[in-house]
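# What the coordinates show
Now for the letters of each chain:
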Amino acid sequence: MEYKHFGHEHNLSMYQVQPGQQLRCSGCDKFCDKTIYACWHCKFFLHEHCGNATRYIRHPFHTTHPLILSPYPTYPSNCFLCNACGTTGTRFSYCCALCEVDLHVNCAFLPPKVTHKAHPHELLLNVSNRAQDQNATNQVCKICRKSLDCKHWSYECGVCVNYGVHTLCATAEVKMGLYQMDDGSDTESDQGQGAPKPQQAAPTAQQGPSEGQVQVELTPQEALAFLHLMGLTNGASYV
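Calculation rules
- Residues numbered from 1 in each chain as written.
- Predicted model: local features only at pLDDT ≥ 70, side-chain atom pairs only at ≥ 80, totals over all residues.
- Heavy atoms only, no water.
- Pairing = 2+ DSSP bridges.
- Helix = DSSP H or I, 4+ residues; strand = E, 2+ residues; numbered from the N terminus.
- Contact = heavy atoms within 4.5 Å.
- Polar contact = N/O pair within 3.5 Å; in protein donor to acceptor, adjacent residues only side chain to side chain.
- Axes fitted to C-alpha atoms, helices over the stretch in contact; angles between N-to-C directions.
- Buried < 20%, exposed > 50% of the residue type's maximum accessible area, 1.4 Å probe, protein only.
- Phe/Tyr/Trp six-rings, centres within 6.5 Å; stacked < 30°, edge-to-face > 60°.
- Lys NZ or Arg CZ within 6 Å of the ring centre and 35° of its normal.

This part covers the pairing of strand β15 (residues 154-157). Sheet topology places strand β12 (residues 119-126) next to β15; four bridges connect them, and they run antiparallel. Considered in β15, the bridge of Asn126 is made with Ser154. Note that β15 and strand β16 (residues 164-166) share three bridges and pair antiparallel. Each residue of the ladder has a partner; that of Ser154, found in β16, is His166.

And the structure:
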């Protein structure tokens, strides 16, 4: 069976990654495992969760506009700086072109809480940008002992004062699935901190809107930004 993804010109086929194969996902740039979507002609591969990532999400970090899934960076540099983890990305991102907000796909769906063997209490995701707070200071990640920038997200302990860790450190052993919370509920139904609300599923096969599918209502400015992001504008005004 073949599938069509909006971010690639050719149909994709399902493939089971074999032991020892090192195939990088074209969505998150991490190594693939288990079942993936593949275009062998272009060496284009997607994890199942990257291939099925929703086209739009409402995220508590940026409530002004929906974040739109882009298959490539929207900047002339061909890369973006993730507002969540502070590292650069060159693959898929959830972005708001109007506000220059960019998130790695995995960062956009970080679980609202995690446990880590290095700490006895649950760690809660903090998506706030504390750089504007005069009392905010950079701390040290309690796992890797490197600087923890207050401009970026972190996992923090609600019991222990000043216990914070990088998102990447806290989730290093967390396997990304089809974007579900630890309790098995999906991200749309979970209202916990850091759980985005998906607005429209990304079809992995050619299909029409399914019954009951949630549609995003965009303002004219948001619609224009989306068309520009997808490369569909030709200089005409849509506002």
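There is more to say, and it comes next.
This paragraph deals with the side chain of His8. Along the chain, His8 falls in the loop between β1 (2-3) and β2 (12-16). Leaving out residues up to four positions away in the same chain, His8 has contacts with Cys39, Cys42 and Phe44.

Before going further, it helps to examine the sheet that holds β1. With antiparallel pairing, the four strands of this open sheet are ordered in space as β1-β2-β3-β4. Each edge of the open sheet is held by one strand with a lone partner, namely β1 and β4 (44-47). Bridge count between β2 and strand β3 (residues 35-39): four bridges; the pairing is antiparallel. In the strand pairing of β3, Gln16 is matched with Thr35.

In this structure, Asn11 sits in the loop between β1 and β2. Linking Asn11 and Tyr37, residues 26 residues apart in sequence, is a C-alpha distance of 9.3 Å. Those residues in contact with Asn11 that sit more than four places away from it in its chain are Glu2, Tyr3, Lys4, Ala38 and Cys39. For Asn11, the side chain forms a polar contact with the side chain of Glu2, separated by 3.2 Å.

Strand order in the open sheet formed by four strands is β11-β12-β15-β16, with antiparallel pairing between adjacent strands. For this open sheet the edge positions go to β11 (113-116) and β16, each flanked by a neighbour on one side alone. Ignoring which end each strand starts from, the neighbouring axes of this sheet average 35° apart. Of the strand pairs in this sheet, β11 and β12 are connected by three bridges, and their pairing is antiparallel. Each residue of the ladder has a partner; that of Lys113, found in β12, is Leu124.

On to the pairing of strand β10 (residues 101-104). Here β10 shows a buried face lined by Val101 and Leu103 and a second buried face lined by Asp102 and His104. Two strands pair when backbone bridges link them, and strand β9 (residues 93-96) and β10 are joined in this way by four bridges, in the antiparallel orientation. What sits directly across from Tyr94, in β10, is Leu103.

A separate point is the packing of aromatic side chains. The relation between two aromatic rings is expressed through the spacing of the ring centres and the mutual angle of the planes. What the rule picks out here adds up to five aromatic pairs. Judged by centre distance (5.4 Å) and plane angle (65°), the ring pair of Tyr3 and Tyr37 falls under edge-to-face. Residue Tyr3 is located in strand β1, and its partner Tyr37 is located in strand β3; the two are separated by 34 residues in the primary sequence. What makes Tyr3 buried here is its relative accessible area of 16%. Since its relative accessible area comes to 5%, Tyr37 is described here as buried. Between Trp40 and Phe45 the ring centres are 5.0 Å apart and the planes differ by 70°, which places this aromatic pair in the edge-to-face class. These aromatic residues form a ring-pair network of at least three members: Tyr15, Trp40 and Phe45. Residue placement shows Arg55 over the ring face of Phe6; its charged tip is 3.7 Å from the ring centre.

Function cannot be inferred from these measures alone, as they are strictly geometric.
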